[in-house]
Amino acid sequence: VLFDLSSGINAEYGVSLANLRNIPIHQQAFMSNLFISISRSLAESTSSLPASRVYIKQSYFTSKNDPNGKAELQRVGGNHSHLKKEFKDYLARVQDVEPDDMSHLLNHTALLFHLGVYRRLLSADLFCREMVDHAANLHAVRQKIAKCPPGETDVMEDLKQCEAVLEKDTITTSRMTAWIKTVILSEARMNDIIWMLRMLLHTVENVEGSAFVFMPEFYMIAILNMYRALQECFPSKALMKHRQAPVLFRELAQFFSKHICSEEIKSIDVKDHILQSSVTFVNYRHTLQALERLPEASCHHFMSSIVAQYSKSNYVHLSRMLIRFWKGHGFAYRDPPEYYGKRHEVLLPGVLAGTACYMTVYEVEPNPSVKYQNLFSSFLLQGQNGAKFTNIVFNQLNSCLTEFMNSRLEIRKNPSNYNTLVERSCQMWYDLTTILVRFLEMIAALAPQIMIANPEAMVYDATSEINMERLVQLVIQIMNRNKLLVMTEEHIIRQKFSSIDVLKLNAGITGIIIHLNRNAPHLMEIFLRKLITEQGFDLPVFQRFITATKEVGERRNRGTEYYFVNEEEVKEIDDLLSMVQSVQRSIDVESHQSEATISDDDLCPICYSRPVSAMFVPCRHKSCRACITQYLYNYKNCFFCKTGIQEVVDAEPEPETDPST
């Protein structure tokens, strides 16, 4: 009966996430109650067995009589009919094993949750949130009534009518919310979901070899949905205090470390779903600690999977996850306490006209992970990993900053022509820009040698010089646009774009320079000389830019217990400004004493700031080593004539010519 029910619903609505919302509420309620009854019966009947032995056997979805195969459910490895052809030799060895009845029952109970229970939980949670909105609106109307002048009888009458309607709605939704929290979002329901979630986690954990690709895709989705339901629909304190919470978090941590960015999972939607859930998982202290307590090999696999897929997968999710390991250690990288616990929707890149894709984000108190910072640092310092990864971050940062500035200018030109999607898009690009700037700060703190070229090193590192060049250009670009950003912020506030704060960008850039000074003081003068001598640098503008973080931080400190910029950071800003002034004076003296100059013919024709030092083979065009190294990251043809570059050698000195000829 259970199989006929789930198969019939699947045939009518499908099991894709987009179609689940079409299932009528009465069917969702029926499936929810049936799911609870069966899961509780299964929990009682298997109570004498260890939890690790209650799972769906892999023979269930590899046998000839697999009911999921008859329903043509999508598999983790792709289409079922294609997999049967690709793995026919493997199936020939295992297909004769008949699935047991317990696996049959567990499979369809999980399908029930996937089809209807999850949607009902989200609907119930949304209804509870609507009750809070009704109460807030009622409170706002009553405040307006209290402030309404006695002579405004028409306004008072309208407010009274509005108050009566809102009061009725609030009372109705409050009663319904009380019933929902007692029946649907109760502790007993939480126990049922935890039991089913652990059962599916054990199922995935016990799948071996090629059987993994035959596992139904909805197993993975149901695991992620159950975790999301536990985090969003039930009180967080109740979940943390649950007796099975430590074991559950450990098993979830093992699941994410093993399957994040897995090549065996073919569905892009499922991969993206795992990434989103992983971002939520590392966002909380108790779940992050579970991830840190994994065996060393699992931690390495988790970090290596993230960084290996950074340029291939959705870098938004991966950036949010990696920066979570850093937040709290960065310069002035803390949010006000009242910001923690707030839930908001974040727009994701790639939205089409008239459509939008959002991710739910909960702001929590920073809890940086030193363990994963060290793992990330080890990755950066292996061979050319750091250079390639930093180059990717710079490229993404330039793209996000350009998109943000373009969207702000467009809104300024047409202030009456914007809508919610435009507003969210602007906020999205600014948030990504600040995240990627903080990413560079983390790299500067963990591996400063990647960001600054040391001319005294025994082996010349062109990639470090490239990164230093790009960092200098980034600092000057943002510094010179600071005035425009401040003007933009004033317009943003008028248009109620209150979530964009230019101070975040100021603090991020300042943090990069501060961390370079903290971790590589012997190389700091090299960086400052490069910055000061770069075209477009203005010392007074730089001083105002750096000082803005301290001044705003001091204004925020007054009358509060919260310190956006602490005393140590204020001192570091003062020391940095003193160092910049000292280097500037030294450069001024050297420029007056120097008589030797480089002719224009000897300068790099790409950057016009360094002497020619490299020649391309076979076309023999020349540039400085840093410019051609950066160029070859993305292209393989000559910058000037487009001939394919076979190798780059040291530039040959130009033969001396007789002036008389």
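Residues numbered from 1 in each chain as written. Predicted model: local features only at pLDDT ≥ 70, side-chain atom pairs only at ≥ 80, totals over all residues. Heavy atoms only, no water.

Among the nonpolar cores identified, the biggest contains 165 residues, and Leu121, Met220, Phe376, Phe389 and Phe527 are the most heavily contacted of them. The leading source of residues in this core is helix α18 (residues 420-446), at 15 residues. What phenylalanine 376 contacts, discounting residues up to four positions off in sequence, is Met303, Val307, Phe389, Phe439, Met442, Ile443 and Leu446. (Core = buried A, V, L, I, M, F, W, Y, C linked by side-chain atoms within 4.5 Å. Buried < 20%, exposed > 50% of the residue type's maximum accessible area, 1.4 Å probe, protein only. Helix = DSSP H or I, 4+ residues; strand = E, 2+ residues; numbered from the N terminus. Contact = heavy atoms within 4.5 Å.)

Within the open sheet, the three strands sit side by side as β4-β3-β5. Their pairing is antiparallel. Where the open sheet ends on each side, the last strands, each with one partner, are β4 (622-623) and β5 (647-650). The pairing of strand β3 (residues 614-617) with β5 spans four bridges and is antiparallel. Across the sheet, phenylalanine 616 pairs through a bridge with valine 648, a residue of β5. (Pairing = 2+ DSSP bridges.)

Here we take up the pattern of salt bridges. Applying the stated criterion to the full structure yields 11 salt bridges. Where aspartate 125 meets arginine 129, a salt bridge forms, and the shortest distance between an N and an O atom there is 3.0 Å. Highlighted residues: aspartate 125 and arginine 129, both in helix α6 (residues 101-147), separated by four residues, approximately one helical turn. Measuring nitrogen to oxygen at the nearest pair gives 2.6 Å for the salt bridge that ties arginine 518 to glutamate 572. A residue pair is termed long-range when its members are at least 10 positions apart, and arginine 518 in helix α21 (residues 502-519) and glutamate 572 in helix α24 (residues 567-593) qualify at 54 residues. Bridged by salt links that share partners, the residues Arg142, Glu163 and Glu167 form one connected network. (Salt bridge = Lys/Arg side-chain N within 4 Å of Asp/Glu carboxyl O.)

On to the packing of helix α9 (residues 217-232) against helix α11 (residues 245-259), then. Where α9 meets α11, the axes come as close as 13 Å, and the angle between the chain directions of the two elements is 135 degrees. Looking at the two axes, α9 sits oblique to α11. For the pair α9 and α11, the crossing hand works out as left-handed. Together, Met220, Ile223, Leu224, Tyr227 and Leu230 of α9 and Leu248, Leu252, Phe255, Phe256 and His259 of α11 make up the contact between the two elements. (Axes fitted to C-alpha atoms, helices over the stretch in contact; angles between N-to-C directions. Parallel < 35°, antiparallel > 145°, perpendicular 65-115°, else oblique. Left-handed = near helix turned anticlockwise from the far one by under 90°.)

What follows concerns the state of the cysteines. Enumeration according to the criterion identifies zero disulfides in this entry. As a non-bridged cysteine, cysteine 604 has cysteine 624 as the owner of its nearest cysteine sulfur, 3.7 Å distant. Residue cysteine 604 is classed as buried on the basis of its relative accessible area, which comes to 0%. Between cysteine 641, a free cysteine, and cysteine 638, which holds the nearest cysteine sulfur, the sulfur-to-sulfur gap is 3.6 Å. Given a relative accessible area of 33%, cysteine 641 falls into the partly exposed group. (Disulfide = S-S within 2.5 Å.)

Here the focus is α9. Counted at 1.5 Å a residue, the expected span for α9 with its 16 residues is 22 Å, and the 23 Å between its end C-alpha atoms agrees. Of all 16 residues in α9, 15 are buried, a share of seventy percent or more. (Expected span 1.5 Å × (residues − 1).)

Next up on the list: the confidence of the model for the protein. Put simply, the protein has an average pLDDT of 76, and 75% of its residues get 70 or more. Taken together, the stretch residues 337-342 has pLDDT below 50 and engages in 14 contacts with residues farther than four places along the chain or on a different chain. Below a pLDDT of 50 lies the segment residues 555-563, which in the model reaches 13 contacts outside its immediate sequence neighbourhood of four places, other chains included. (pLDDT = per-residue confidence, 0-100.)

Geometrically, the link from valine 617 to proline 618 is a cis peptide bond, its omega value of 15 degrees lying close to zero. Residue placement: proline 618 occurs in the loop between β3 and β4. Positive phi is not limited to glycine here, since cysteine 261 has a value of about 60 degrees. Positive phi outside glycine occurs at arginine 620, with the angle close to 70 degrees. Along the chain, arginine 620 turns up in the loop between β3 and β4. Judged by relative accessible area, which is 49%, arginine 620 ranks as partly exposed.

Bringing the packing of aromatic side chains into the picture now. The tally for this structure, following the rule as stated, stands at 21 aromatic pairs. Judged by centre distance (6.2 Å) and plane angle (70 degrees), the ring pair of tyrosine 227 and phenylalanine 256 falls under edge-to-face. With tyrosine 227 in helix α9 and phenylalanine 256 in helix α11, the pair connects residues that are 29 residues apart, well separated along the chain. Using a relative accessible area of 3% as the deciding quantity, one classes tyrosine 227 as buried. For the ring pair tyrosine 310 and phenylalanine 439, a centre distance of 5.7 Å and an interplane angle of 90 degrees mean the geometry is edge-to-face. Here tyrosine 310, found in the loop between α14 (296-308) and α15 (315-324), pairs with phenylalanine 439, found in helix α18; they are 129 residues apart in sequence, far enough to count as distant. (Phe/Tyr/Trp six-rings, centres within 6.5 Å; stacked < 30°, edge-to-face > 60°.)

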